[in-house]
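Structural overview for review
These are the residues of each chain, in order.
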Amino acid sequence: QYRGRFLLGSVYFALHEFNAAQDQLEAALLMQSTFEAQKKLAEVFLAQDQFENARQQLEATIKAQRDSAEAYELLARAYVGLGDMESAGKARTRAKALAPPKTQ
């Protein structure tokens, strides 16, 4: 049931049905708290310019998985939306440090 909620939330997100996506992802997280659902919910918040909700969600997400460059990049976007450029810069620096090396 978690997987179905997560997938449905992801589909709603892709369709820009953000309220429905949020509902499904929150339901999925009540069933099973996973990194993928936490991160996707943060993306929903960012898409709705809910920067404080996104920041809170991403900080919880990062506590669960500290080595995600993508989560830190999303956190930087939340900080930019909040006007906190110093914290955004720190999050971006962390994201770059965690990103896999680019291959040529």
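Above this text you will find the structure in question.
What you are looking at is a predicted structure, and each value in this text was computed from that prediction instead of being measured.

Observations regarding the side chain of Thr-61
Its location among the elements puts Thr-61 in helix H4 (residues 51–64). When neighbours within four sequence positions are excluded, Thr-61 is seen to be in contact with Phe-35, Gln-38 and Lys-39.

Quick notes on the packing of H4 against helix H5 (residues 69–82)
Between two packed helices, the angle of one axis relative to the other and the distance separating the axes together describe the packing. Taken N-terminus to C-terminus, the directions of H4 and H5 make an angle of 155°; their axes are 9 Å apart at the nearest point. Overall, the two elements H4 and H5 adopt an arrangement that is roughly antiparallel. The interaxial crossing formed by H4 with H5 has left-handed handedness. Contacts from Phe-51, Glu-52, Ala-54, Arg-55, Leu-58, Glu-59 and Ile-62 in H4 reach Ala-71, Tyr-72, Leu-74, Leu-75, Arg-77, Ala-78, Tyr-79, Gly-81 and Leu-82 in H5. Its residues assigned to classes, the contact of H4 with H5 comprises 11 nonpolar, 1 polar and 4 charged.

Thoughts on the nonpolar core
Most often, soluble globular proteins keep nonpolar side chains buried together rather than apart. Counting 27 residues, the largest nonpolar core has Phe-6, Leu-58 and Leu-75 as its most contacted members. Residue assignment for this core shows that the elements contributing at least two residues are helix H1 (2–14), helix H2 (18–31), helix H3 (35–47), H4, H5 and helix H6 (85–98). Those residues in contact with Leu-75 that lie beyond four places of it in its chain are Arg-55, Leu-58, Glu-59, Ile-62 and Ala-91.

A closer look at the environment of Gln-24
Structurally, the position occupied by Gln-24 is in helix H2. For the pair Gln-24 and Phe-13, spaced 11 residues apart in the sequence, the C-alpha separation amounts to 10.0 Å. Non-local contacts of Gln-24, meaning those with residues more than four positions away in its chain, are made with Arg-5, Leu-8, Gly-9 and Tyr-12.

About the cut-offs
Residue positions are given per chain, counting from 1 as you read along its sequence in written order. Reporting in this predicted model follows two pLDDT cut-offs: at least 70 for local features of residues, and 80 or more for side-chain atom pairs to be given and counted; totals over whole chains, interfaces and linings ignore these cut-offs and use all residues. To get the side-chain values, take all heavy atoms of the structure and skip hydrogens and water. A run of H or I in DSSP becomes a helix once it reaches four residues, and a run of E becomes a strand once it reaches two; helices and strands are each numbered from the N terminus. The contact rule is simple, with two residues in contact once any of their heavy atoms fall within 4.5 Å. Note on geometry: axes are C-alpha line fits, over the in-contact stretch for helices, and angles between N-to-C directions span 0 to 180 degrees. We call two directions roughly parallel when the angle between them is under 35 degrees, roughly antiparallel when it is over 145, roughly perpendicular when it lies between 65 and 115, and oblique otherwise. Definitions for this section: a left-handed crossing has its near helix turned counterclockwise from the far helix by less than a right angle. A right-handed crossing has that turn clockwise. Only Asp, Glu, Lys and Arg are considered charged, only Ala, Val, Leu, Ile, Met, Phe, Trp, Tyr, Cys and Pro nonpolar, and every remaining residue, Gly among them, polar. The criterion is simple. A nonpolar core is a set of buried Ala, Val, Leu, Ile, Met, Phe, Trp, Tyr and Cys residues joined through side-chain atoms within 4.5 Å. The buried label goes to any residue with under 20% of its type's maximum accessible area, the exposed label to any with over 50%, and the partly exposed label to all in between, with areas taken from a 1.4 Å probe on protein chains only.

Purely geometric stuff here, so don't read any function into it on its own.
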